[in-house]
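Here's the letter readout for the chains.
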Amino acid sequence: MPHLRGGMRCIKCLLFAFNFVFWLAGLAVIAFGLWLRFGGVLGDLTSEEKSPEYFYMGLYVLVGAGALMTTVGFFGCCGAVRESQCLLGAFFACLLVIFAAEVTAGVFAFIGKKVAVQEVQAIYEEAYDDYMTDMGKSNKTLIQFHTALQCCGKEGEIQVKPTCPEGIQVPKNCLDEIQNLINSNLHLVGIVGIAIAGITIFGMIFSMVLCCAIRNTRDML
């Protein structure tokens, strides 16, 4: 097997290093997506009856892209070490898929904010109306929202005070708190998605340069 020399050998080392970092980034993306889905305040908002599926859909895309990143990072390292055109070509194709997925997640996060906020607010208002209709019935969803967001009602109404956390001095509007929460988290998802998409561009460039160098080296023999 012919071996690369000079600058192309440097590209090979850079591609190997890129894939290792890419593999670590994939693990970080998976952890970030799962934390947003199951941990923190957003995880507390999920109930047995209702959950913000539109918002979670973007997180599922993010986690799926992270899982693909870890797999691609591993095989990309193998392709760089073995100087395999086949593996490098497959690596480029997978990076293209990841690029599309991350751009989709990023665009969804920035453009879909309003829809995601409206969906979560609708879940809250439905639980709120159910409680106002029958105040004697326990409303788990309403209690979860109030506890997770540390808010009380839509305008601090006294009627829903039994479902609010104890010790709240100045009740906050839950609809406003929902909007702030979703906007801040989707902003993070958008930044992560666009950043990973930008990184994949460098990986595609390195893989194509190395693949062409391998082909040219073999043609000269």
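It should be emphasised that the depicted structure is a prediction, and the values quoted were computed from it without experimental measurement.

1. Description of the overall build of the chain
Consideration 1: In terms of helices and strands, the chain carries seven helices and zero strands.
Consideration 2: Mapped from its N terminus to its C terminus, the chain presents α and β elements in the order α-α-α-α-α-α-α.
Consideration 3: Across the 221 residues in the chain, those meeting the buried criterion constitute 43%.
Consideration 4: Of the contacts formed within the chain by residues at least 6 apart in sequence, a portion of 76% connects residues at least 24 apart.

2. What about the packing of aromatic side chains?
Consideration 1: Counted according to the given criterion, the structure contains three aromatic pairs.
Consideration 2: The interplanar angle of 35° and the centroid separation of 6.1 Å between the aromatic rings of Tyr124 and Tyr128 together place this pair among those described as tilted. Of this pair, Tyr124 and Tyr128 both sit in helix H5 (residues 113–133), four residues apart, which is roughly one turn of the helix.
Consideration 3: Each member of the aromatic cluster is reached from another via a ring pair, and the members are Tyr124, Tyr128 and Phe145.

3. Re helix H4 (residues 85–111)
Consideration 1: For H4, built from 27 residues, the straight-helix expectation of 39 Å at 1.5 Å per residue is met to within 8% by its first-to-last C-alpha distance of 38 Å.
Consideration 2: Those residues of H4 lying buried are Leu88, Phe91, Leu95, Ile98, Glu102, Ala105, Gly106, Phe108 and Ala109.

4. Comments concerning the packing of H5 against helix H6 (residues 140–149)
Consideration 1: Interhelical geometry of H5 versus H6 gives an angle of 125° and a closest axis separation of 8 Å. What the angle tells us is that H5 and H6 run oblique. Read as a crossing pair, H5 and H6 show a hand that is left-handed. Taking contact as the criterion, the partners of Val120, Ile123, Tyr124, Ala127, Tyr128 and Tyr131 in H5 are, on H6, Thr141, Leu142, Phe145 and His146.

5. Description of the state of the cysteines
Consideration 1: Inspection of the entire model under this criterion finds two disulfides.
Consideration 2: Sulfur-sulfur distance for the disulfide between Cys151 and Cys174 comes to 2.0 Å. Taking the torsion about the sulfur-sulfur bond, which here is approximately 105°, the covalent link between Cys151 and Cys174 counts as right-handed. A residue pair is termed long-range when its members are at least 10 positions apart, and Cys151 in the loop between H6 and helix H7 (174–219) and Cys174 in helix H7 qualify at 23 residues.
Consideration 3: Judged by its relative accessible area of 0%, Cys151 is buried.
Consideration 4: For Cys174, a relative accessible area of 0% gives the class buried.
Consideration 5: Each disulfide in the chain links cysteines that, numbered along the sequence, combine into the pattern 1-4, 2-3.

6. Here's the deal with the confidence of the model for the chain
Consideration 1: Across the chain, the average pLDDT comes to 76, with 81% of residues at 70 or higher.
Consideration 2: Ranking the helices and strands of the chain by mean pLDDT puts H5 first, with 84, and helix H2 (residues 40–44) last, with 66.

7. With respect to the environment of Val72
Consideration 1: Here Val72 shows up in helix H3 (residues 53–82).
Consideration 2: In this structure the C-alpha to C-alpha distance between Val72 and Ala93, which are 21 residues apart in sequence, comes to 9.9 Å.
Consideration 3: The contacts of Val72, once residues within four sequence positions are left out, are Asn19, Phe22, Phe91, Cys94, Leu95 and Ile98.

8. Focus on unusual backbone geometry
Consideration 1: Its identity is not glycine, yet Gln150 carries a phi of approximately 55°, on the positive side.
Consideration 2: Take Gln150: it is sitting in the loop between H6 and H7.

9. Notes on the side chain of Gln121
Consideration 1: Note that Gln121 resides in helix H5.
Consideration 2: Of note is the side chain of Gln121, whose polar atom sits 3.0 Å from the backbone oxygen of Leu175.
Consideration 3: Residues within four places of Gln121 in sequence aside, it is in contact with Leu175, Ile178 and Gln179.

10. Re the environment of Val81
Consideration 1: With respect to the helices, strands and loops of the structure, Val81 is situated in helix H3.
Consideration 2: As for Val81 and Phe16, which are separated by 65 residues in sequence, their C-alpha atoms are 7.4 Å apart.
Consideration 3: Beyond its immediate chain neighbours, meaning those up to four positions away, Val81 contacts Lys12 and Phe16.

11. Here we look at the pattern of salt bridges
Consideration 1: Using the criterion set out here, one finds one salt bridge in the structure.
Consideration 2: Residues Glu125 and Lys154 are paired through a salt bridge, measuring 3.5 Å at the closest nitrogen-oxygen approach. Remark: Lys154 occurs in the loop between H6 and H7 and Glu125 occurs in helix H5; sequence separation between them is 29 residues.
Consideration 3: Given the relative accessible area of 19%, Lys154 is considered buried.

Basis of the calculations
- Residues numbered from 1 in each chain as written.
- Predicted model: local features only at pLDDT ≥ 70, side-chain atom pairs only at ≥ 80, totals over all residues.
- Heavy atoms only, no water.
- Helix = DSSP H or I, 4+ residues; strand = E, 2+ residues; numbered from the N terminus.
- Buried < 20%, exposed > 50% of the residue type's maximum accessible area, 1.4 Å probe, protein only.
- Contact = heavy atoms within 4.5 Å.
- Phe/Tyr/Trp six-rings, centres within 6.5 Å; stacked < 30°, edge-to-face > 60°.
- Expected span 1.5 Å × (residues − 1).
- Axes fitted to C-alpha atoms, helices over the stretch in contact; angles between N-to-C directions.
- Parallel < 35°, antiparallel > 145°, perpendicular 65-115°, else oblique.
- Left-handed = near helix turned anticlockwise from the far one by under 90°.
- Disulfide = S-S within 2.5 Å.
- pLDDT = per-residue confidence, 0-100.
- Polar contact = N/O pair within 3.5 Å; in protein donor to acceptor, adjacent residues only side chain to side chain.
- Salt bridge = Lys/Arg side-chain N within 4 Å of Asp/Glu carboxyl O.

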